[in-house]
Amino acid sequence: MLSRLQQFMPALVLALVGLGVVIGGSEFELGSLTAMGPGFMPVLLGGLLLLLAGVLLLLEWRILPTGAALPSARPLLCAGLSIVVWALLAERAGFVLASVAQLVLAYAAISQPDWRKVLYSSAVITALAFIAFVLLLGLPLPAVGW
Amino acid sequence: METLTNLAMGFGLALTPEALLYCLLGVTLGTVIGVLPGIGALTTISLCLPLTFHLDPLLGLIMLAGIFYGAQYGSSTASILLNVPGSAPAAVTCIDGYPMARQGRAGVALFLTTIASFIGGSFAIILLIMFAPLLARFAIGFSAADYFSIMLLALVAASTLSVGSALKGLCMVVLGLILGFVGTDINSGQFRFTFGIPALADGISLVALAMGLFGVAEILANVSSGEMPSLKNTRVTLRSMLPTRQDMQEFKMSCARGSVVGSFLGMLPGTGPTIASFLAYALEKKLAKDPSRFGNGAVEGIVSPEAANNACVQAAFIPTLTLGVPGDAIMAVMIGGLLIHGITPGPQLITENAGLFWGVVASFWIGNVLLLVLNLPFIGLWVKLLSIPYRMLYPAILLLISIGVYSVNNSTVDVMFTFGFGLLGFAFTRAGFPSAPLLLGFVLGPLVEENFRRALLLSNGDLTTFVTRPVSAIFLAATLLILLSSVLALRRRPAVVLDE
């Protein structure tokens, strides 16, 4: 059941996006072929996406699920969320803290990182990035915030 | 004569110290990211896009283009030495390049692929010089209906000709077109699908989308798979690069064929260097007297695809610069870069921005010569680069991505979106949905909508305007043919039954 859901999920998401765009687009004026309103193209393409995703769902039904393993959560969470951490900290805590936090979290994506190396690399990369982007290219972020 | 005068003007602009510096910067960066597996040209170009906002458009385009074709040169290095392609088009080079390395002929393989890249690239530049002005002159008479049909062909071809399911490609193109709606509608001034987020009033950031879909998604795929290749104790000397007479014999015709195949495919919308290199390889195998040599270190198996992917990359500038229709996602980002400068690529570009067009064309050849110098005497340096472990590299790339996206609008919301698009790209790629058509759809979306609207406005809502105009009719027929062949291919393919 889980593998079936995993198999259908992308097409299902696309179908829902298509439906959402049709509904959202129809709230705008549709207009006519000669004078199209802002809702015309979204409704047209939302409908097309719904149709294509529907056909895809039907075709996928014929294929038995592969039961492909889900990706492990740790690398995805650490590497992905490191970007969010940078975005949350950059303007508040400043460039240095945001960058070090991002790098440390990103390094934590691999199992058993050498923490001494991680801290050393994070410090060096942050220093280089600070010189290049903030000092030389004028990126408008404080070195340290709060 | 006029072409020669223009070309001389182009060389005058491309040989200024500033232009040379940006060209060198672009091709060096391109080679570096081409050599390193796991960082694509598109990620790097998107990363550098904000830097070009403050530059003269010519210098910016010279640098971005240099990254693109420089990456094609560098990408064969990892294919040959590690059996891991530096980029998708170089995947085919692994088939015969790696066996050559195992036979102790890595140096010869690297030498031949560099020369083939140079010849392929140069051949396509000559075609660009000859045909781009002609095509632009012809395209001046194109109407909105013609442009709509050309763009439709590019979108359909890009989604159906790419590797994998055509239907999934089409879904991604439509999703890209829909994402292009987000922001202020230029005709009515109304906000569409902004969900009350002020940062979305100007639409989704192209850099955030490209970085997320390609840069972040690529890193997530690599770290979650645990595949982090690096090279240990391999040395390539200049002496080991000398080819034999037999090698050169096999090189000549395969290089010529690869150049022609690549140039032809580059000029077509919707194809790209990956398709070019795979087709060139297939052609060589078909023409070979002894096809069994392929896969065991056949020189033609590395030369023809390398010549083809470089020729394709250079020839792709023909439709991009003269029609304003990008053939693939990278070209779409380049167009995005020009649009930000207020320059709309199209038939008028050659006349209205002659300096930009001819300067860029001249820089291509200078860049290719620079790449020859960078890739032959300095090959040892690039080989050493492969020994940097990926697990040390990717956190720095993630930081660069965050900084790069932030620097476009000084917006942390854009950085958050990059994470979202990264997850989206990762999940969809895992499920077999290609990301490139989405990006192409996103960039072309507003142009498709504008031309569709204008064509119907001018024809009083008469849809037959798309079939009564010859140019539009031809492109629509081609689009229909591609769609039909995809449907037929789908019907022929039996339902796949896989083990639980």
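Remember, it's a predicted structure, so these values are computed and weren't measured experimentally. The written sequence of each chain sets the order in which its residues are numbered from 1. Chain letters and ligand numbers both follow the written order, the letters beginning at A and the numbers at 1. Residues qualify for local features only when their pLDDT is at least 70, as the model is predicted, and side-chain atom pairs are given and counted only at 80 or more; totals for whole chains, interfaces and linings, by contrast, use all residues. Note: side-chain values were computed over all heavy atoms of the structure, leaving out hydrogens and water.

### Details of the overall build of chain A
Piece 1. What counts as a helix is a DSSP run of H or I of at least four residues, what counts as a strand is a run of E of at least two, and both are numbered from the N terminus. Helix and strand counts for chain A stand at five helices and zero strands.
Piece 2. It is over C-alpha atoms that the radius of gyration is taken, and the globule rule equals 2.2 Å times the number of residues to the power 0.38. Computed over C-alpha atoms, the radius of gyration of chain A comes to 23 Å, more than 25% over the 15 Å expected from 2.2 N^0.38 for 146 residues, which places it beyond the range of a compact globule.
Piece 3. Along the first, second and third principal axes, the C-alpha set of chain A runs to 60 × 45 × 25 Å.
Piece 4. For chain A, the residues scored as buried account for 43% of the 146 residues in total.
Piece 5. Should any heavy atoms of two residues lie within 4.5 Å, those residues are considered in contact. Within chain A, contacts between residues at least 6 apart in sequence are counted, and of these 62% link residues at least 24 apart.
Piece 6. When the accessible surface of chain A is split by element, carbon and sulfur atoms take 75% of a total near 7600 Å².
Piece 7. Averaging the locations of the 6 positively and 5 negatively charged side chains of chain A gives two centres separated by 20 Å. For the exposure calls, accessible area comes from a 1.4 Å probe over protein chains only, and a residue counts as buried if that area is under 20% of its type's maximum, exposed if over 50%, partly exposed in between. Residue exposure ignores everything except the shown protein chains as possible cover, and the areas themselves are Shrake-Rupley values with a 1.4 Å probe. Residues scored as charged are limited to Lys and Arg (positive) and Asp and Glu (negative), so that His and the chain ends carry no count. Here the site of a charge means NZ on Lys, CZ on Arg, CG on Asp, or CD on Glu.

### A short note on the overall build of chain B
Piece 1. If you tally the helices and strands in chain B, you get 22 helices and two strands.
Piece 2. The C-alpha atoms of chain B give 22 Å as radius of gyration, which agrees with the globular expectation for 500 residues (23 Å, within 12%).
Piece 3. With the C-alpha coordinates of chain B rotated into their principal frame, the extents come out at 70 × 60 × 55 Å.
Piece 4. Of all 500 residues assigned to chain B, the portion counted as buried reaches 61%.
Piece 5. Sequence-distant contacts, at least 24 apart, represent 79% of the contacts inside chain B between residues at least 6 apart.
Piece 6. As displayed, chain B has an accessible area near 19100 Å², and 67% of this comes from carbon and sulfur atoms.
Piece 7. Here chain B carries 24 positive and 23 negative side-chain charges, and the mean point of each set is 11 Å from the other.

### Considering the packing of aromatic side chains
All names here are of chain B.
Piece 1. Classification of ring pairs rests on two measures: the distance between centres of Phe, Tyr or Trp rings, Trp counted by its six-membered ring, which must be within 6.5 Å, and the angle between planes, read as stacked under 30 degrees, edge-to-face over 60 and tilted in between. According to the stated counting rule, one finds 15 aromatic pairs over all chains in the structure shown.
Piece 2. Ring centres of Phe138 and Phe142 lie 5.4 Å apart, and the angle between their planes is 80°; on these two criteria the pair is classed as edge-to-face.
Piece 3. For Phe138, a relative accessible area of 55% gives the class exposed.
Piece 4. Classification of Phe142 as buried rests on a relative accessible area of 12%.
Piece 5. Ring centres of Phe417 and Phe421 lie 6.1 Å apart, and the angle between their planes is 25°; on these two criteria the pair is classed as stacked. In this pair, Phe417 and Phe421 are both assigned in helix α19 (residues 412-430), four residues apart and thus about one turn of the helix distant.
Piece 6. Ring-pair connections join several aromatic residues into one group, and the members of that group are Tyr69, Phe317 and Phe364.
Piece 7. Positioned above the aromatic ring of Phe433, the side-chain terminus of Lys168 is 5.2 Å from the ring centre. Two limits define a charge over a ring: the Lys NZ or Arg CZ must be within 6 Å of the ring centre, and within 35 degrees of the ring normal.

### Comments concerning the environment of Gly266 of chain B
Piece 1. Looking at the element boundaries, Gly266 of chain B is found in helix α10 (residues 245-267).
Piece 2. Taking the C-alpha atoms as reference, Gly266 of chain B lies 8.6 Å from Asn309 of chain B; in sequence the two are 43 residues apart.

### Description of the interface of chain A and chain B
Piece 1. On the side of chain B, 59 residues touch chain A, which itself brings 66 residues to the contact.
Piece 2. In total, about 5400 Å² of surface goes out of reach between chain A and chain B, with carbon and sulfur atoms giving 79% of it.
Piece 3. A pairing counts as a salt bridge when a side-chain nitrogen of Lys or Arg comes within 4 Å of a carboxyl oxygen of Asp or Glu. Seen at the junction of chain A and chain B, the total is zero salt bridges.
Piece 4. In terms of residue count, the dominant contributor to the side of chain A that touches chain B is helix α2 (residues 40-61) of chain A (14 residues).
Piece 5. Each residue gets one of three labels, nonpolar for Ala, Val, Leu, Ile, Met, Phe, Trp, Tyr, Cys and Pro, charged for Asp, Glu, Lys and Arg, and polar for the others, Gly among them. Of the residues in the side of chain A that touches chain B, the class split is 49 nonpolar, 14 polar and three charged. Accessible area that two parts lose when put together, evaluated with a 1.4 Å probe and summed over both, is termed the buried area.

### Let's talk about α19 of chain B
Residues and elements named next belong to chain B.
Piece 1. Expected helix span is taken as 1.5 Å per residue step, with the number of steps being one fewer than the number of residues. Here α19 is 19 residues long and its end C-alpha atoms lie 27 Å apart, about the 27 Å a rise of 1.5 Å per residue gives.
Piece 2. Of all the positions in α19, only Thr412, Asp414, Val415, Thr418, Phe419, Phe421, Gly422, Gly425, Phe426 and Phe428 are classed as buried.
Piece 3. Contacts described as polar in this section are N or O atom pairs within 3.5 Å, which, within protein, must combine one atom able to donate a hydrogen with one able to accept it, while residues neighboring in sequence count only if both atoms come from side chains. The backbone nitrogen of Val413 lies 3.2 Å from a side-chain oxygen of the residue at the head of α19, namely Ser411.

### Concerning a nonpolar patch on the surface
All names here are of chain A.
Piece 1. The patches described consist of residues with a relative accessible area above 30% and no salt bridge, like charges being joined within 9 Å and nonpolar side chains (Val, Leu, Ile, Met, Phe, Trp, Tyr) within 5 Å. On the surface, a nonpolar cluster with roughly 610 Å² of combined accessible area is contributed by Met9, Leu12, Val13, Leu16, Val17, Leu19, Ile23 and Leu50.
Piece 2. Here the element with the most residues in the nonpolar patch is helix α1 (residues 2-25); it accounts for seven residues.
Piece 3. As for its placement among the helices and strands, Leu19 is situated in helix α1.

### Describing empty space enclosed by the protein
All names here are of chain B.
Piece 1. Here a cavity means grid points, on a 1 Å grid over the protein atoms only, where a 1.4 Å probe fits yet cannot get out; a pocket means an open set of points with protein on both sides within 12 Å along at least five of seven lines; lining residues are those with an atom within 4 Å of a point. Grid points are joined across faces, edges and corners, and a volume is the space filled by probe spheres set on the points. For the structure shown, the criterion picks out three cavities of 30 Å³ or more.
Piece 2. For the largest cavity, the calculated volume is near 60 Å³.
Piece 3. Every residue along the wall of the largest cavity is listed here: Thr52, Pro57, Gly60, Leu61, Leu64, Met334, Gly337, Leu338 and His341.
Piece 4. When residues of the lining of the largest cavity are traced back to their parent elements, those giving at least two are α4 (57-82) and α14 (329-340).
Piece 5. Sorting elements by how many residues they give to the lining of the largest cavity places α4 first, with four residues.

### Observations concerning the packing of helix α4 (residues 95-107) of chain A against helix α18 (residues 390-409) of chain B
Piece 1. Close contact between α4 of chain A and α18 of chain B brings their axes to 9 Å; oriented N to C, the two are set at 140°. Here α4 of chain A is positioned oblique relative to α18 of chain B, judged by the angle of their axes. The element α4 of chain A and its partner α18 of chain B pack so that their crossing is right-handed. When α4 of chain A is examined against α18 of chain B, the residues Phe95, Ser99, Gln102, Leu103, Ala106 and Tyr107 of chain A are found in contact with a partner set consisting of Arg391, Met392, Tyr394, Pro395, Ala396, Leu398, Leu399, Ser402 and Ile403 of chain B.
Piece 2. Classifying every residue of the contact of α4 of chain A with α18 of chain B gives 11 nonpolar, three polar and one charged. Axis definition: a line fitted to C-alpha atoms, limited for helices to the stretch in contact. Angles are taken between N-to-C directions and run from 0 to 180 degrees. Roughly parallel covers angles under 35 degrees, roughly antiparallel covers those over 145, roughly perpendicular covers 65 to 115, and oblique covers all other angles. A crossing counts as left-handed when the near helix is turned anticlockwise from the far one by less than a right angle, and as right-handed when that turn is clockwise.

### A closer look at the side chain of Asn309 of chain B
Piece 1. Within the secondary structure, Asn309 of chain B is located in helix α12 (residues 299-315).
Piece 2. A distance of 3.0 Å separates polar atoms of two side chains, one belonging to Asn309 of chain B and the other to Asn310 of chain B.

### A closer look at helix α2 (residues 17-35) of chain B
Piece 1. The end-to-end C-alpha distance of α2 of chain B is 27 Å, a good match for the 27 Å that 19 residues give at a rise of 1.5 Å each.
Piece 2. Structurally, α2 of chain B contributes buried residues whose contacts are with α1 (2-14), α3 (41-52), α4, α16 (354-375) and α17 (379-385) of chain B.

### Examining the pattern of salt bridges
All names here are of chain B.
Piece 1. Here the structure, examined in full by the defined rule, presents 10 salt bridges over all chains.
Piece 2. Taking the shortest distance from any N to any O, the salt bridge between Arg469 and Asp146 comes out at 3.3 Å. With Arg469 in the loop between α21 (465-468) and α22 (470-492) and Asp146 in helix α7 (residues 144-160), this pair connects stretches of sequence that are 323 residues apart.
Piece 3. Between Glu300 and Arg293 there is a salt bridge, and its shortest N-O distance comes to 2.6 Å.
Piece 4. Residue classification places Glu300 among the buried positions, given a relative accessible area of 10%.
Piece 5. Look at Arg293 and you get partly exposed, because its relative accessible area is 27%.
Piece 6. Three or more residues are tied together by salt bridges with common partners; here these are Asp185, Arg192, Glu449 and Arg453.

### Notes on the state of the cysteines
Piece 1. We call a pair of cysteine sulfur atoms a disulfide whenever their separation is within 2.5 Å. Per the counting criterion, the structure on display carries zero disulfides over all chains.
Piece 2. Free of any disulfide, Cys312 of chain B has its nearest cysteine sulfur in Cys255 of chain B, 15 Å distant.

### Some points on the packing of helix α9 (residues 206-225) of chain B against helix α20 (residues 436-458) of chain B
All names here are of chain B.
Piece 1. Following both chains from N to C, one finds α9 and α20 inclined at 175°, their axes separated by 10 Å at the closest point. It follows that α9 is roughly antiparallel to α20 by the angle criterion. Every residue of α20 that contacts α9 at Leu206, Leu209, Ala210, Leu213 and Phe214 is listed here: Ala436, Leu438, Leu439, Phe442 and Val443.
Piece 2. Considered class by class, the residues forming the contact of α9 with α20 number 10 nonpolar, no polar and no charged.

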